[in-house]
Amino acid sequence: PIFPEENPNLSGSYVTPTKHVVESTFCLHQTNMAESLQSIAATMVSKGRGILAADESTATIQKRFDVIKVENIEEHRRAYRELLFTTPGFEKYISGVILFDETLRQKTHDGTPFAALLKSKGVVPGIKVDKGTKPLAGCPGETTTEGLDGLRERLEEYYALGARFAKWRAVIAIDEKLPSDRAIHVNAFLLASYAALCQERGIVPIVEPEVLMDGDHDIERCYEVTARVLKAVFEELRAQGVLLEGIILKPNMVIDGEKCKKKATPQRVAELTVKVLKEHVPASVPGIAFLSGGQSEEDATLHLSLMNALGPLPWPLTFSYGRALQASTQKAWSGKKENVANAQKTFSHRAQMNSLAYFGTYTADKEKAH
C-alpha cells in the first residue's frame, strides 16, 4: 500500500517473548518498511505523472503574490493551494505534492484536510523539512542548509498529519572557482543524514542537490560541477546506509547560467544531463524528478521531453516543478474567485504538457493547441 498505516505489519507494536522472535519480527518490520518506501517512490514517478512543488515558504510566496498583486495572508495562500488541489483530473498528471508546514495543516473550504484530499485522489502528500540556507562558515559565497535539529520529532508529526515523503534542498553555488570541496561535502553529508532519518520513519526522502543557474558559467562548467556533486551525494548516501531504492533524486538539469552569453541548445542540455546521470546515478534509484531552477515553463518541459526521447533510460525521468508548473496559473488566478476555473484549466494544461514530456512526446505545437 502507498500509505503504510494500511499495512498491519508496519504498526511498530510488537510484544514478543523470545530473542529469536524479536529478531525475526525486527527483520520483518525492516523488510516491510523497505517495501513500503519503494512502493511510495514508485507511485511518485509512476507513468505520465510528476510532482508539484507547492512548498513555497511564506516569504517565497510573497514574491509570487507580489507579481500578481495579491495580499500575502493565510486565507489567500490557502485558497490558492485549494485551487491547485481541486483542479479536476489533475491526479492524472500529478503523483505527489510537496507542501509547506502551514499548508499541510490547512483544509479546503468545506473542512477537508489537504492531505486527506490528496490521498483520496491517489496523490501522495509530501512535506518540505529543511529550514533554509545559511552562509557556510569559512566558505564565502557558499551555503549550508539548516533543519536537522529536531527533525526526527518533526517527521513523526508530519507522518501523523499524512505526509509520506519529504524534501530537503541543498544549494550549490557555481562560478569559475566555486563550489569548494568543503561545501560539496557538507551539503552531501546533510542530505544523507536527512534521508536516513526520513527512511527510519517510513518517509521517502527527495534528495535535492541544486547547482544554481545563477551566473555566467557555460554548460560544460555546469556539467563538471554537477558530476562532482552527484558523486559526493551518492557516496554519502551509501556511507549512511540510505536505501537507494527508497529515495527520489531531484537534481538540476545540466544547463548554462542565466547570464551566459553562449546558450546551449535544448538538445545539448538533454544530452549532457542524461550523460551525467548515467555516470553517477545508480540504476537502483527508482526515479529522478527534476527541479526547474528558474527555467521558463516551456523550456523546462521541452528539456525533460528531449531527455526522455533519448531513452530507454535506467530510471524514469519526470518533473518536480514549482514555478514551471504554477507561474501562468498564478497569473490567470490573480486572487479573484471568478478566475478560479480558468486558472485551473491553465494548471491542468501545464501539468498535461509535462506528462507528455515524461513520455518524450511534447512539442511546441501542443502548447499552441491550448
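These numbers come from a predicted model, not from an experiment.

S.K.: How do you make sense of the layout of surface pockets when you look at a structure like this?
M.R.: Unoccupied space between atoms shows up once a probe the size of one water molecule is rolled over them. Quantified by volume, the largest pocket comes out at close to 690 Å³. Those elements giving two or more residues to the lining of the largest pocket turn out to be helix H2 (58–68), strand E6 (165–172), strand E7 (204–211) and strand E10 (317–321). Among the residues forming the lining of the largest pocket, the class breakdown is 4 nonpolar, 9 polar and 13 charged. In this structure, the second largest pocket spans a volume of roughly 260 Å³. Around the second largest pocket sit Glu75, His76, Arg78, Ala79, Glu82, Leu83, Thr86, Trp333, Gly335, Lys336, Lys337 and Val340, which together line it. The element best represented in the lining of the second largest pocket is helix H3 (residues 74–85), accounting for 6 residues. In terms of residue class, the lining of the second largest pocket is built from 4 nonpolar, 3 polar and 5 charged.

S.K.: I'm lost on the pattern of salt bridges in this one. Help?
M.R.: Inspection of the entire model under this criterion finds 18 salt bridges. As a salt-bridge pair, glutamate 102 and arginine 77 come within 2.8 Å of each other at their nearest N and O atoms. Here the residue glutamate 102 occupies a position in helix H4 (residues 101–104), and arginine 77 occupies one in helix H3, the gap between them amounting to 25 residues. Judged on exposure class, the residue glutamate 102 and its partner arginine 77 are both buried. As a salt-bridge pair, aspartate 101 and arginine 105 come within 2.9 Å of each other at their nearest N and O atoms. When its relative accessible area of 24% is taken as the criterion, aspartate 101 is described as partly exposed. Taken together, the shared-partner salt bridges in this structure form one network comprising Asp55, Lys167 and Glu208.

S.K.: What's the story with the confidence of the model for the protein in this structure? I'm lost.
M.R.: Close inspection of predicted coordinates is inappropriate in any region flagged by low pLDDT. Mean pLDDT over the protein stands at 93; residues scoring 70 or higher make up 92%. Note that residues 4–18 has pLDDT below 50 and, in this model, 25 contacts with residues that lie over four places away or in other chains.

S.K.: What is the right way to read the pairing of strand E1 (residues 50–54) from this model?
M.R.: Sheet faces and side chains relate simply in a regular strand, where the side chains alternate between the two faces. Of all 5 residues in E1, 5 are buried; the element is thus mostly enclosed. Note: E1 against strand E2 (residues 94–99), 5 bridges, orientation parallel. When the bridges of E2 are listed, leucine 52 appears paired with valine 97. Inspection of the sheet shows E1 paired to E10 by 2 bridges, in the parallel sense. For leucine 52, the partnering residue across the bridge sits in E10 and is tyrosine 321.

Criteria and thresholds
- Residues numbered from 1 in each chain as written.
- Predicted model: local features only at pLDDT ≥ 70, side-chain atom pairs only at ≥ 80, totals over all residues.
- Heavy atoms only, no water.
- 1 Å grid on protein atoms, 1.4 Å probe; cavity = no way out; pocket = protein on both sides within 12 Å on 5 of 7 lines; lining within 4 Å.
- Points joined across faces, edges and corners; volume = space filled by probe spheres on them.
- Helix = DSSP H or I, 4+ residues; strand = E, 2+ residues; numbered from the N terminus.
- Nonpolar A, V, L, I, M, F, W, Y, C, P; charged D, E, K, R; others polar.
- Salt bridge = Lys/Arg side-chain N within 4 Å of Asp/Glu carboxyl O.
- Buried < 20%, exposed > 50% of the residue type's maximum accessible area, 1.4 Å probe, protein only.
- pLDDT = per-residue confidence, 0-100.
- Contact = heavy atoms within 4.5 Å.
- Pairing = 2+ DSSP bridges.

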